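# Residue-level structural notes
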Amino acid sequence: MADNYLEKRMEDYARGRLAGSKARPGRRSGVASVKYPAQGVAVVGAGDGRSRAVIRMLVESGNRVAFTCPDSKTGTAMAQECGGRFYPTGADAMAADLSARGEGVDTVICFTGTDKENCPAFSGARQYVFITDGEVECDGIVLVGGTPEAVAMMVFAIVHPHVTLLPQTICL
């Protein structure tokens, strides 16, 4: 009986019935997957549900994420849950450390304020994204409102190296 079972399985395999029946490693059912070169992302002022969703999505897609959080306990928990490198010392120290390590930052995401004065200067950053609850005028891309998932998807799309948006306000 064992011989017949093994022969049947080999025939099924040869016909392609078993090929592709297993899920690919690293993919979750129902989650979109887009491959692009890893980007360096700095998140300033994380700590709420939107920032948690953004960090999780960026880390899962293979980006290098470093973030600050005003509350050390929350930041440590987010690093353990979502991944990324947590800097409890603040945004300026994070910028200096990343520069000293030679790690480039392609996109800066600010949850703390609505202008570049609240975000440290990152050499080589090609864009700044500000996430807020009210409309503001600033030199960068502003995402207003939205659920954590909607904000995370927009940031994920903006971080793509071939996406370049002019400074604008996007209401979610």
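As a starting point, this report considers the structure included with it. (Residues numbered from 1 in each chain as written. Predicted model: local features only at pLDDT ≥ 70, side-chain atom pairs only at ≥ 80, totals over all residues. Heavy atoms only, no water.)

### As for the overall build of the protein
The condition that has to hold: Only DSSP runs of H or I with at least four residues qualify as helices, and only runs of E with at least two residues qualify as strands; both kinds are numbered from the N terminus onward. Here the term buried applies to any residue with accessible area under 20% of the maximum for its type, exposed to any over 50%, and partly exposed to those in between, with areas from a 1.4 Å probe on protein chains only. The contact definition used throughout considers only heavy atoms, calling two residues in contact when any of these lie within 4.5 Å. Here the Shrake-Rupley method, with its probe set to 1.4 Å, supplies the accessible areas, and only the displayed protein chains count as covering residues.
Helix and strand counts for the protein stand at five helices and seven strands. The order of helices and strands in the protein, counted from the N terminus, is α-β-α-β-α-β-α-β-β-β-α-β. Among the 172 residues that make up the protein, the fraction classed as buried is 36%. Within the protein, residue pairs in contact and separated by at least 24 positions form 53% of the contacts whose partners lie at least 6 positions apart. Accessible area of the protein: about 9900 Å², with a carbon and sulfur share of 53%.

### Describing the sheet that holds strand 3 (residues 85-87)
What counts here: Any two strands with at least two DSSP bridges between them are considered paired. Under this scheme, a helix contributes an axis fitted over its contacting stretch, all axes are lines through C-alpha atoms, and angles between N-to-C directions fall in the 0 to 180 degree range.
With parallel pairing, seven strands are arranged side by side in an open sheet as 3-2-1-4-5-6-7. Each edge of the sheet is formed by a strand with only one pairing partner; in this case those strands are strand 3 and strand 7 (168-171). Looking at each pair of strands side by side, their axes are set apart by 20 degrees on average, direction ignored. With four bridges connecting them, strand 1 (residues 40-44) and strand 2 (residues 64-68) associate as parallel partners. Residue pairing for strand 2: Ala42 is matched across the bridge by Ala66.

### What to know about the packing of aromatic side chains
Quick reminder of the rule: Aromatic pairs are defined between Phe, Tyr and Trp rings, using the six-membered ring for Trp, whenever the two ring centres lie within 6.5 Å; interplanar angles under 30 degrees are classed as stacked, those over 60 as edge-to-face, and all others as tilted.
All told, the structure shown has two aromatic pairs when counted by the stated rule. Relative to Phe86, the ring of Phe67 lies with its centre 5.5 Å away and its plane at 35 degrees, an arrangement referred to as tilted. Taken together, the residues span a long stretch of sequence, with Phe67 in strand 2 and Phe86 in strand 3 at a distance of 19 residues. Both rings, one in Tyr128 and one in Phe130, keep their centres 6.3 Å apart while their planes meet at 15 degrees; by these two values the pair is stacked. Phe130 shares its class with Tyr128; the two are buried.

### Re the pairing of strand 4 (residues 107-110)
Here strand 4 shows no split at all, with Thr107 and Ile109 on one side and Val108 and Cys110 on the other all buried. In this structure, strand 4 lies alongside strand 5 (residues 127-132), joined through four bridges in parallel fashion. Along strand 5, the bridge assignment pairs Ile109 with Val129.

### Things to note about the pattern of salt bridges
Put simply, the rule reads: Salt bridge, as applied in this entry: a Lys or Arg side-chain nitrogen positioned within 4 Å of an Asp or Glu carboxyl oxygen.
With the rule as written, the count across this model stands at six salt bridges. For the salt bridge of Asp133 with Arg50, the shortest nitrogen-to-oxygen distance reads 3.0 Å. One end of the pair, Asp133, is in the loop between strand 5 and strand 6 (141-144); the other, Arg50, is in helix 2 (residues 49-60), with 83 residues separating them in the sequence. Given the relative accessible area of 61%, Asp133 is considered exposed. A salt bridge links Arg101 to Asp97; its shortest N-O distance comes to 2.9 Å. Of this pair, Arg101 and Asp97 both sit in helix 4 (residues 91-101), four residues apart, which is roughly one turn of that helix. If you follow the salt bridges from partner to partner, you end up with Asp48, Arg50 and Asp133 in one network.

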